[in-house]
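Breakdown of the fold
Chain by chain, the residues:
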Amino acid sequence: VMQILSDVMKAFPKKSFYDEVQLALEKLNLSRRYHYEYFMYTSLLEIPADSHGYASMHVYSDSNFIIIGGYHTTYKSHDFNQLFFAPNLMIRLTDQATGRALFSDFIPIDNILGNKNFETVWHVPKILLASSVLESAIKNEENFGVSTQLTFCGLKQFTRDGSKKE
């Protein structure tokens, strides 16, 4: 699976992201077994100063979701007209279906999700199984509250026969 995802990522980004991923999947003959659709999951968090915020992303039960990257948009609390660069926002992601953290500790949010101007593409995509939950824990080390929207970009993976089996 990792080799397949690696080959898919090599196609990024010549035309549009979605077109290149579809082309790579067709070359790998995965289009015979699976059908893929580009999809984004988003969530908005209000995080007080020097505090933590939590968001859960529930993957739909009809398909797996392959996270390829994402971005975050951060504002000072309750002021959605003023974008804010937040170097002191830290994030930790946990796949609740397996109970595994994606990394050992909180790391800067821009390293994982980039920002609205510069999306981050993950070097190794993460597959979340249908009906699983990705929990995002965000630590705000600023001295004021922030609102941040998390966006995870990727592909929904459907089997051609409609089953949920891998």
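Residues numbered from 1 in each chain as written. Predicted model: local features only at pLDDT ≥ 70, side-chain atom pairs only at ≥ 80, totals over all residues. Heavy atoms only, no water.

1. Overview of the overall build of the protein
- What the protein contains, in helices and strands, is 3 helices and 9 strands.
- A burial count over the protein gives 44% of its 166 residues as buried.
- Once local pairs closer than 6 in sequence are excluded, the contacts in the protein between residues at least 24 apart make up 76%.
- Here the protein displays about 9,100 Å² of accessible surface, and carbon together with sulfur accounts for 51% of that area. (Helix = DSSP H or I, 4+ residues; strand = E, 2+ residues; numbered from the N terminus. Buried < 20%, exposed > 50% of the residue type's maximum accessible area, 1.4 Å probe, protein only. Contact = heavy atoms within 4.5 Å. Areas by Shrake-Rupley, 256 points an atom, 1.4 Å probe, with all protein chains shown as cover.)

2. Describing the pattern of salt bridges
- Per the counting criterion, the structure on display carries 3 salt bridges.
- The partner of aspartate 95 in a salt bridge is lysine 126, and the shortest N-O contact between them spans 3.7 Å. Of this pair, aspartate 95 sits in strand S4 (residues 89-95) while lysine 126 is found in strand S7 (residues 120-128), placing the two residues 31 residues apart along the sequence. (Salt bridge = Lys/Arg side-chain N within 4 Å of Asp/Glu carboxyl O.)

3. Notes on unusual backbone geometry
- In this structure, aspartate 50 takes a positive phi of about 50° despite not being glycine.
- Here aspartate 50 is to be found in the loop between strand S1 (34-47) and strand S2 (51-58).
- Judged by its relative accessible area of 59%, aspartate 50 falls in the exposed class.

4. A look at the sheet that holds strand S3 (residues 64-76)
- Pairing in this open sheet of 4 strands is antiparallel, and the strands run S1-S9-S3-S7 from one edge to the other. Every interior strand has two partners, whereas the edge strands, S1 and S7, have only one. Recorded for the sheet is a direction-independent mean angle of 30° between the axes of neighbouring strands. (Pairing = 2+ DSSP bridges. Axes fitted to C-alpha atoms, helices over the stretch in contact; angles between N-to-C directions.)

5. Description of the packing of aromatic side chains
- Within this structure, the stated rule accounts for 4 aromatic pairs.
- Seen in terms of ring centroids, phenylalanine 39 and tyrosine 41 are 4.9 Å apart; in terms of plane orientation they differ by 70°. Their pairing is edge-to-face.
- Considering the side-chain rings of tyrosine 41 and tyrosine 60, the 5.7 Å spacing of their centres and the 50° angle between planes classify their relative orientation as tilted. With tyrosine 41 in strand S1 and tyrosine 60 in the loop between S2 and S3, this residue pair connects regions lying 19 residues apart in the sequence.
- An aromatic cluster is defined as three or more aromatic residues linked by ring pairs; in this entry it consists of Phe39, Tyr41, Tyr60 and Phe65.
- The ring of phenylalanine 39 carries the charged tip of lysine 156 above its face, separated from the ring centre by 4.6 Å. (Phe/Tyr/Trp six-rings, centres within 6.5 Å; stacked < 30°, edge-to-face > 60°. Lys NZ or Arg CZ within 6 Å of the ring centre and 35° of its normal.)

6. A closer look at the nonpolar core
- Ranked by size, the top nonpolar core spans 23 residues in total, and within it Met57, Ile67, Leu93, Ile138 and Phe152 carry the most contacts.
- Of all the secondary-structure elements, those providing two or more residues to this core are S1, S2, S3, S4, helix H3 (109-113), S7, strand S8 (133-140) and strand S9 (146-159).
- If you look at the next biggest cluster of nonpolar residues, it comprises 5 residues, including Tyr34, Ile66, Ile68 and Leu155. (Core = buried A, V, L, I, M, F, W, Y, C linked by side-chain atoms within 4.5 Å.)

7. Observations regarding the side chain of asparagine 64
- With respect to the element layout, asparagine 64 can be found in strand S3.
- Judged by relative accessible area, which is 7%, asparagine 64 ranks as buried.
- A distance of 3.0 Å separates the side chain of asparagine 64 from the backbone nitrogen of alanine 130, its partner in a polar contact. (Polar contact = N/O pair within 3.5 Å; in protein donor to acceptor, adjacent residues only side chain to side chain.)

8. Examining the side chain of aspartate 95
- Taking the relative accessible area as the measure of exposure, aspartate 95 reaches 3% and is therefore buried.
- In this structure aspartate 95 touches Arg100, Leu102, Lys126, Leu128, Ser132, Val133 and Leu134, once residues within four positions along its chain are discounted.

9. Focus on the environment of serine 136
- By secondary structure assignment, the location of serine 136 is in strand S8.
- With relative accessibility at 2%, the residue serine 136 sits in the buried group.
- When the C-alpha positions of serine 136 and leucine 93 are compared, they lie 4.8 Å apart, and in sequence the two are 43 residues distant.
- Apart from the residues lying within four places of it in its own chain, the contact partners of serine 136 are Gly53, Tyr54, Ala55, Ile91, Arg92, Leu93, Leu150 and Phe152.

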